[in-house]
Amino acid sequence: MDEDQLTALEALPKIELHLHHEGAAPPAFIRQLAHEKKIDLSRIFRDDGSYDFRDFVHFLSVYEAATSVLQTPEDFARLTRAILQESAENGVVYTESFISPDFCGGSDLGAWREYLQAIKEAADQAERDWGITLRGVSTVIRHFGPDKAKASALCAAETAGDWLVGLGMGGDENQGEQGDFAYSYDMAREAGLQLTTHAGEWRGPQEVRAAVLDLGVSRIGHGVRVIEDPATMDLLIERGVTLEVCPGSNVALGVYPRLDQHPIERLRDAGVRVTVSTDDPPFFHTTLRREYRNLAQCFGWDQEVFGQVTQTALEAAFCDEDTRATISKRLETS
Ligand code: ADE
Ligand code: ZN
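The rules behind these values
Residues numbered from 1 in each chain as written. Chains lettered and ligands numbered in written order. Predicted model: local features only at pLDDT ≥ 70, side-chain atom pairs only at ≥ 80, totals over all residues. Heavy atoms only, no water. Helix = DSSP H or I, 4+ residues; strand = E, 2+ residues; numbered from the N terminus. Buried < 20%, exposed > 50% of the residue type's maximum accessible area, 1.4 Å probe, protein only. Contact = heavy atoms within 4.5 Å. Areas by Shrake-Rupley, 256 points an atom, 1.4 Å probe, with all protein chains shown as cover. Lys, Arg positive; Asp, Glu negative; His and termini not counted. Charge placed at Lys NZ, Arg CZ, Asp CG, Glu CD. Donors = N, O, S within 2.8 Å, 3.2 Å for Na, K, Ca; no water. Tetrahedral: all angles 85-135°; square planar, octahedral: opposite > 155°, others 65-115°. Pairing = 2+ DSSP bridges. Axes fitted to C-alpha atoms, helices over the stretch in contact; angles between N-to-C directions. Near = heavy atom within 4 Å. Polar contact = N/O pair within 3.5 Å; in protein donor to acceptor, adjacent residues only side chain to side chain. Domains from an automatic or database assignment. Phe/Tyr/Trp six-rings, centres within 6.5 Å; stacked < 30°, edge-to-face > 60°. Lys NZ or Arg CZ within 6 Å of the ring centre and 35° of its normal. Parallel < 35°, antiparallel > 145°, perpendicular 65-115°, else oblique. Left-handed = near helix turned anticlockwise from the far one by under 90°. Nonpolar A, V, L, I, M, F, W, Y, C, P; charged D, E, K, R; others polar. Core = buried A, V, L, I, M, F, W, Y, C linked by side-chain atoms within 4.5 Å. Buried area = accessible area lost by both parts, 1.4 Å probe.

A. Seen up close, the overall build of the chain. Secondary structure assignment for the chain yields 14 helices and 8 strands. By the burial criterion, 58% of the 334 residues in the chain qualify as buried. Excluding contacts between residues fewer than 6 apart, the proportion of contacts in the chain whose partners are at least 24 apart in sequence is 75%. Carbon and sulfur atoms form 46% of the exposed surface of the chain, whose accessible area is close to 13300 Å². When the 32 positive and 55 negative side-chain charges of the chain are each reduced to one mean point, those points stand 2 Å apart.

Here's what the structure looks like:
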């Protein structure tokens, strides 16, 4: 594929379904807030200014340290604007980001409402300025345990609506079981939220099966290790579950050594619904444009394949039908 073709593919309009709000914070943004608040965060940065982490568990602790400077609704409003400007520059027309009551006021409902309002106002302004639409997916943190998750999910359930559209779970997949969080997921479902969870990133296909059977999710964050079990792949296909695949993240964190060993193409070939996202782009030195370029170079994905993947993402988005129709039009005219 020549450079002109790659540039054209990079420029396609995109949908991103798996983006962590705090994880999308540019290191310079976090350093600036740390400076303003006189917090010493030098230990989480390399000399070249990028985030410094050794492995997944260390990544989670660096992530939480970076998040510690985000202390007010205004901080999150500034972050929202920075993230959406970057995403719009990458050709993203619709995105869903993970935000957590744990990081926005410590799962206090009154505080959470204020954070949510500030994020939503910043997103509305970004939509007017740059034509990008954001919806929120409230997130429980697995390694904080099921009790904290209940408080967090209650905040989500109380604020479910047109803007806050889903519940997800991130954090350390090696702690506890998906089913430990069933109470939180049931509460969210009853409140009208749609459901996703990180699974099959670190643990194997049994985790993906548990996500579907024990939590009833319609999407899965990563899910890539389902490739190791055809029966669980069939379960995903039968139920129309969509994977939020983040190839650059998986390579950066060492789930797969190189992109050419990543299963995204084999999953797609088998009929599993796959979409493409960045996860925590500055941590993994990626952007959605870069993901597109890499997939085109590595697997020969062309405009037709990217078009199918975007259509899958449009169908799997948690937004309401009016928003889906608006995004569909935006994709046609971009
Ligand atoms: N939180 C932020 N990024 C994550 C990832 N890749 N897996 C689990 N939790 C996360
Ligand atoms: Zn993630």
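Having seen the model, we can carry on.
B. Examining the coordination of the zinc ion (ligand 2) more closely. Protein-derived ligands of the zinc ion (ligand 2) are His18 (NE2), His20 (NE2), His198 (NE2) and Asp279 (OD), with the metal-ligand distances lying across 2.1 Å. Bound by 4 donor atoms, the zinc ion (ligand 2) shows angles of 87 to 169 degrees at the metal and therefore irregular coordination geometry. Expressed as a motif, the donor residue spacing for the zinc ion (ligand 2) is H-x1-H-x177-H-x80-D. In this pair, the class of histidine 18 matches that of histidine 20, namely buried.

C. View of the sheet that holds strand S8 (residues 273-276). Spatially, the 8 strands line up as an open sheet ordered S1-S2-S3-S4-S5-S6-S7-S8, and their pairing is parallel. With partners counted over all chains shown, the strands left at the sheet margins are strand S1 (14-20) and S8, one partner each. On average, each strand axis in the sheet is inclined to that of its neighbour by 25 degrees, with strand direction left out of account. In terms of strand pairing, strand S3 (residues 133-141) meets strand S4 (residues 164-170) through 6 bridges, oriented parallel. Bridged to valine 140 within S4 is methionine 169.

D. Representation of the site of ligand 1. Around ligand 1 sit His20, Phe56, Phe59, Tyr63, Gly170, Gly171, His198, Glu201, His222, Asp279 and Asp280, and that is every residue in its neighbourhood. Within the side chain of aspartate 280, a nitrogen or oxygen atom sits 2.8 Å from a nitrogen atom of ligand 1. About the coverage of ligand 1: the protein hides 97% of its 260 Å² of free accessible area. Top contributing element to the shell around ligand 1 by residue count: helix H3 (residues 56-67), with 3 residues. The residues that make up the shell around ligand 1 include at least three from each of domain 1 (3-23 + 85-333) and domain 2 (26-69).

E. Layout of the packing of aromatic side chains. Under the counting rule described, the total for this entry stands at 16 aromatic pairs. Considering the side-chain rings of phenylalanine 103 and phenylalanine 144, the 6.2 Å spacing of their centres and the 85 degrees angle between planes classify their relative orientation as edge-to-face. Here phenylalanine 103 is found in the loop between strand S2 (92-99) and helix H5 (109-130), whereas its partner phenylalanine 144 is found in the loop between S3 and helix H6 (146-158), with 41 residues between them in sequence. Classification of phenylalanine 103 by relative accessible area gives buried; the value is 14%. You can call phenylalanine 144 partly exposed: its relative accessible area is 29%. Both rings, one in tryptophan 301 and one in phenylalanine 306, keep their centres 5.5 Å apart while their planes meet at 70 degrees; by these two values the pair is edge-to-face. According to the relative accessible area criterion, tryptophan 301 is buried, its value standing at 1%. What links up through ring pairs into an aromatic cluster is the set Phe45, Tyr51, Phe53, Phe56, Phe59, Tyr63, Phe103, Phe144, Trp202, Phe283 and Phe284. Positioned over the ring face of tyrosine 183 is lysine 150, at 4.8 Å from the centre of the ring. The positively charged end of arginine 219 is found above the aromatic ring belonging to phenylalanine 318, 3.7 Å away from the centroid.

F. Looking closely at the packing of helix H2 (residues 27-36) against helix H4 (residues 73-89). Running from amino to carboxyl end, H2 crosses H4 at an angle of 160 degrees, the nearest separation of the two axes being 12 Å. The angle between H2 and H4 falls in the class roughly antiparallel. Helix-helix and strand crossings are classified by hand; for H2 and H4 the assignment is right-handed. Contacts from Phe29, Gln32, Leu33 and Glu36 of H2 reach H4 at Asp75, Arg78, Leu79 and Ala82. Class assignment for the residues of the contact of H2 with H4 results in 4 nonpolar, 1 polar and 3 charged.

G. Region of interest: the nonpolar core. Core analysis: the biggest nonpolar cluster contains 92 residues, and Ile30, Tyr51, Phe59, Ile220 and Leu236 have the highest contact counts within it. Counting residues domain by domain, this core receives three or more from each of domain 1 (3-23 + 85-333) and domain 2 (26-69). By size, the runner-up hydrophobic cluster in this structure holds 11 residues, among which are Leu17, Ala317, Cys319 and Leu331.

H. Region of interest: the domain arrangement of the chain. Split into domains, the chain comes out as domain 1 (3-23 + 85-333) and domain 2 (26-69). With centres defined by C-alpha atoms, the gap from domain 1 to domain 2 works out at 23 Å. With 17 residues of domain 1 at the contact, the number on the domain 2 side is 14 residues. Summing the contributions of domain 1 and of domain 2, the shared interface buries around 1300 Å²; its carbon and sulfur component is 76%. At the boundary of domain 1 and domain 2, one finds 3 residue pairs in polar contact (both at pLDDT 80 or more). Taken together, the residues that form the side of domain 1 that touches domain 2 break down as 7 nonpolar, 5 polar and 5 charged.

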